[in-house]
Amino acid sequence: MAAPYLPMKAVAAPLPVGAGWAYEIKWDGMRAIVSNTSDGALAHSSRGNEVSARFPELQLLHEHFGELDLVLDGELVAFGDDGLPSFGLLQQRMHLERRHDIERLSREVPVVFVIFDILRVEDTETLPLPFSDRRKLLESLVDPGPTWQVSTLHLDDGAALLDAVAERNMEGVVAKQLASAYHPGTRSSAWVKVKPRRRQEFVVGGWVTGEGERASRIAALV
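Since we're looking at a predicted model, the values are computed, not measured.

**Quick word on unusual backbone geometry**
At Glu122, a position not held by glycine, the phi torsion is positive, near 55°. Looking at the secondary structure, you find Glu122 in the loop between β6 (111-121) and β7 (124-125). On the basis of relative accessible area, Glu122 is assigned to the partly exposed category, the value being 37%. In this model, Asp157 sits at a positive phi of 55°, which is unusual for a non-glycine residue. If you trace the backbone, Asp157 turns up in the loop between β8 (148-150) and α5 (158-167). Taking relative accessible area as the criterion, Asp157 reaches 51% and is therefore assigned exposed.

**Looking at helix α4 (residues 131-141)**
Phe131, Arg134, Arg135 and Leu138 are the residues of α4 that are buried. Seen along its axis, α4 keeps its buried residues to an arc of 100°; they face one direction. Of the residues in α4, the exposed ones pointing more than 90 degrees away from the buried face are Lys136 and Ser140. Elements in contact with the buried residues of α4: β2 (21-26), β5 (70-78), β6, β8, β9 (172-177) and β10 (187-194).

**A short note on the environment of Lys195**
Positionally, Lys195 belongs in the loop between β10 and β11 (207-209). Put simply, Lys195 and Lys26 are 169 residues apart on the chain and 8.5 Å apart in space, counted from C-alpha to C-alpha. Not counting residues within four places of it along the chain, the set of residues in contact with Lys195 comprises Glu171 and Gly172.

**Let's talk about the pattern of salt bridges**
The tally for this structure, following the rule as stated, stands at 13 salt bridges. The salt bridge partner of Glu139 is Arg135, with a shortest N-O separation of 2.9 Å. Residue Glu139 and its partner Arg135 are both found in helix α4; the two are separated by four residues, about one turn of the helix. With a closest N to O distance of 3.9 Å, Glu171 and Lys195 form a salt bridge. Of the two residues, Glu171 sits in the loop between α5 and β9 while Lys195 sits in the loop between β10 and β11, which places them 24 residues apart along the sequence. Residue Lys195 is classed as exposed on the basis of its relative accessible area, which comes to 52%. Within this structure, Glu24, Arg135, Glu139 and Lys176 form a network of salt bridges that share partners.

Thresholds applied
Residues numbered from 1 in each chain as written. Predicted model: local features only at pLDDT ≥ 70, side-chain atom pairs only at ≥ 80, totals over all residues. Heavy atoms only, no water. Helix = DSSP H or I, 4+ residues; strand = E, 2+ residues; numbered from the N terminus. Buried < 20%, exposed > 50% of the residue type's maximum accessible area, 1.4 Å probe, protein only. Arc of directions from axis to C-beta. Contact = heavy atoms within 4.5 Å. Salt bridge = Lys/Arg side-chain N within 4 Å of Asp/Glu carboxyl O.

Note that every value here comes from positions in space, so none of it alone points to a role or purpose.
If you want it as structure tokens, here you go:
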């Protein structure tokens, strides 16, 4: 089955501040659009490829919601023993094909669907709604479950959240305009992804400049 939507994506930029922005952790996982249908939970990758069979734990979401038609946007995340997202662990799950391997790894490396947006409820698309309204709807419909959770939204002090994820060596923060609609398959400046900058004092002996679009930047230290 074709993907109902391709995900909206963020641009890389400095952290925006001020009224009208909300902040979430940038999860180090695999982006997925998950649809709850009468046939079960269907998961599609960011490129629109169906990956449902690789993540059988998503069927618990279908058991919970039954026949309710939902389309949810989020990230498939594997958590390490330290409680932090581990892309290395997730990689063990991403390309499996054999049922035996999928069943074994789903027990050894469980995956959680971290949900941060809702795109459709029954016959109603929520894409035109402001992000703030979509989040309220999402939180009213979706409670945490055994294999899914709703990402925590921070309505102020994105800088503090960025500092917190940097201390834990997490991937970064996504800032979203509260008034923004959802534009499937586009990269929009209404969503901004920010990765922590590692800082250290050192002496530079030399460097090599980049090429093409990176010609004005340092490509490597010598």
